[in-house]
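An overview of the molecular structure
Residue strings, one per chain:
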Amino acid sequence: HRRFDYRPKTDPYCQARYTFCPTGSAIPLMKEEDVIEVYRLQAPVWEFKFGDLLGHLKIMHDAVGFRSSLTGKNYTMEWYELFQLGNCTFPHLRPGMDAPFWCNQGAACFYEGIDDAHWKENGTLVLVTTISGTMFNKMAKWVKYDNETGIYYETWTVQASPEKQAVVWFDSYECSKFILRTYQKLADLGAVFKKIQTNYTSIILFSGEPIYLGNETSIFGPLGNKTLAAAIRDFYYPFKPHRTVGEFFVDLLKIIDRVVLNHQFYLFYNLEYWFLPMKSPYLKIIYEEVPLPNRNKTSTGL
């Protein structure tokens, strides 16, 4: 997943049904001698609206919690879509614009308090490590860097097969990946994690070797490939929001026809388009273990 030099301004066309990070605040500077508890937080996606419904499918949202021993204050930190999941996964086809229009930024959100009921009722709230105030402050600087350079949400993991050692063509970039990066950063700073099992959700597409198609200018620009441009717009059209149940099922049949019967998927990744020659089982939601980090392991980061 590519890093960018800066975060672009969002277009007013992009609108969220639910405000991003409504009670967000700056990350506080902790006293060096503070002892801060770090909590693993996990709950079903959209639990506030649907309860445990998506939890039964193991579609989970991840966050991390902190508790200052000196002040007794709790904090929550998470990373998610600015304009909800649908906008990050599929584009808008706007009238008068040839290229699909994406509202796919994601960002970190930090706020005071931990909603115990939200995380405990259908999910997880468990202590994973303790850190010093100094380590917390260094982590906060890293979060700023990570947030300013890793700006686009990516729903899909794309790999060659369901096998454990299968080639991963594209990795997702979503809430759980931010939490995993945060844990690794804390381990690099000296945090020692408890030995507990930690599982995360991945939504995987299965594909043969992807074919590079180009970027927005090379495909949709004045000198672009009009046939390819039309094919990409045609592919994304059935994924639009639906007003009626009947409209949804008609478009669902179109999606099945293209993805399953004709083995086609167009992926937008790092501002570029790729063709995925889809293959069985096409799509799978997995909830697999990713162990908490070991401070001795080599990692990448700031």
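What this report covers is the structure whose coordinates are included nearby.

Rules and cut-offs
Residues numbered from 1 in each chain as written. Predicted model: local features only at pLDDT ≥ 70, side-chain atom pairs only at ≥ 80, totals over all residues. Heavy atoms only, no water. Axes fitted to C-alpha atoms, helices over the stretch in contact; angles between N-to-C directions. Helix = DSSP H or I, 4+ residues; strand = E, 2+ residues; numbered from the N terminus. Parallel < 35°, antiparallel > 145°, perpendicular 65-115°, else oblique. Left-handed = near helix turned anticlockwise from the far one by under 90°. Contact = heavy atoms within 4.5 Å. Nonpolar A, V, L, I, M, F, W, Y, C, P; charged D, E, K, R; others polar. Pairing = 2+ DSSP bridges. Expected span 1.5 Å × (residues − 1). Buried < 20%, exposed > 50% of the residue type's maximum accessible area, 1.4 Å probe, protein only. Salt bridge = Lys/Arg side-chain N within 4 Å of Asp/Glu carboxyl O. Core = buried A, V, L, I, M, F, W, Y, C linked by side-chain atoms within 4.5 Å.

1. With respect to the packing of helix α4 (residues 133–149) against helix α5 (residues 175–188)
Each packed pair of helices is defined by two parameters, the angle between the axes and the distance between the axes. Two numbers describe how α4 lies on α5: the axes approach to 10 Å, and their chain directions differ by 140°. Here α4 is positioned oblique relative to α5, judged by the angle of their axes. Between α4 and α5 lies a crossing of right-handed hand. Residues Met 135, Met 139, Trp 142, Val 143 and Asp 146 of α4 form the contact with α5, whose participating residues are Phe 178, Arg 181, Thr 182, Lys 185 and Leu 186. Residues of the contact of α4 with α5, tallied by class, amount to six nonpolar, one polar and three charged.

2. What about the environment of Glu 209?
Considering the arrangement of structural elements, one finds Glu 209 in the loop between β8 (199–207) and β9 (211–215). As for Glu 209 and Ile 131, which are separated by 78 residues in sequence, their C-alpha atoms are 43 Å apart. What Glu 209 contacts, discounting residues up to four positions off in sequence, is Trp 169 and Pro 277.

3. Examining the sheet that holds strand β1 (residues 35–44)
The antiparallel open sheet is built from five strands, whose spatial order is β4-β3-β2-β1-β5. The sheet is open, and its two edges are formed by β4 (106–112) and β5 (124–132), each paired on a single side. Mean inter-strand twist for the sheet, computed between neighbouring axes without regard to direction, equals 25°. Across nine bridges, β1 lies against strand β2 (residues 60–68) in antiparallel orientation.

4. Observations concerning α4
The first and last C-alpha atoms of α4 sit 25 Å apart over 17 residues, in line with the 24 Å expected at 1.5 Å per residue. Residues Gly 133, Met 135, Phe 136, Asn 137, Met 139, Ala 140, Trp 142, Val 143, Asp 146, Asn 147 and Thr 149 constitute the buried set of α4. Structurally, α4 contributes buried residues whose contacts are with β1, β2, β3 (74–81), β4, β5 and α5.

5. Overview of the pattern of salt bridges
Going through the model one piece at a time under the given rule, you end up with nine salt bridges. For Asp 62, the salt bridge goes to Arg 40, with nearest N and O atoms at 3.8 Å. A residue pair is termed long-range when its members are at least 10 positions apart, and Asp 62 in strand β2 and Arg 40 in strand β1 qualify at 22 residues. Each member of the pair, Asp 62 as well as Arg 40, carries the same accessibility label: buried. Between Asp 146 and Arg 181 there is a salt bridge, with the nearest N and O atoms lying 2.9 Å from each other.

6. Focus on the pairing of β4
With respect to burial, β4 is a largely interior element, six of its seven residues being buried. Of the pairings in the sheet, the one linking β3 to β4 comprises seven bridges and is antiparallel in character. The residue of β4 that forms the bridge with Glu 81 is Gly 106.

7. Here we look at the nonpolar core
Soluble globular proteins tend to pack their nonpolar side chains together in the buried interior. Among the nonpolar cores identified, the biggest contains 29 residues, and Phe 66, Met 77, Ile 131, Phe 136, Phe 178, Tyr 183 and Phe 193 are the most heavily contacted of them. Looking at this core, the elements with two or more residues in it are β1, β2, β3, β4, β5, α4 and α5. Ignoring anything within four residues of it in the chain, the contact list for Phe 136 reads Ile 27, Pro 28, Met 30, Ile 36, Phe 66, Phe 110 and Ile 131. Of all hydrophobic cores here, the second largest spans 28 residues; its members include Ile 203, Ile 232, Phe 239 and Tyr 273.

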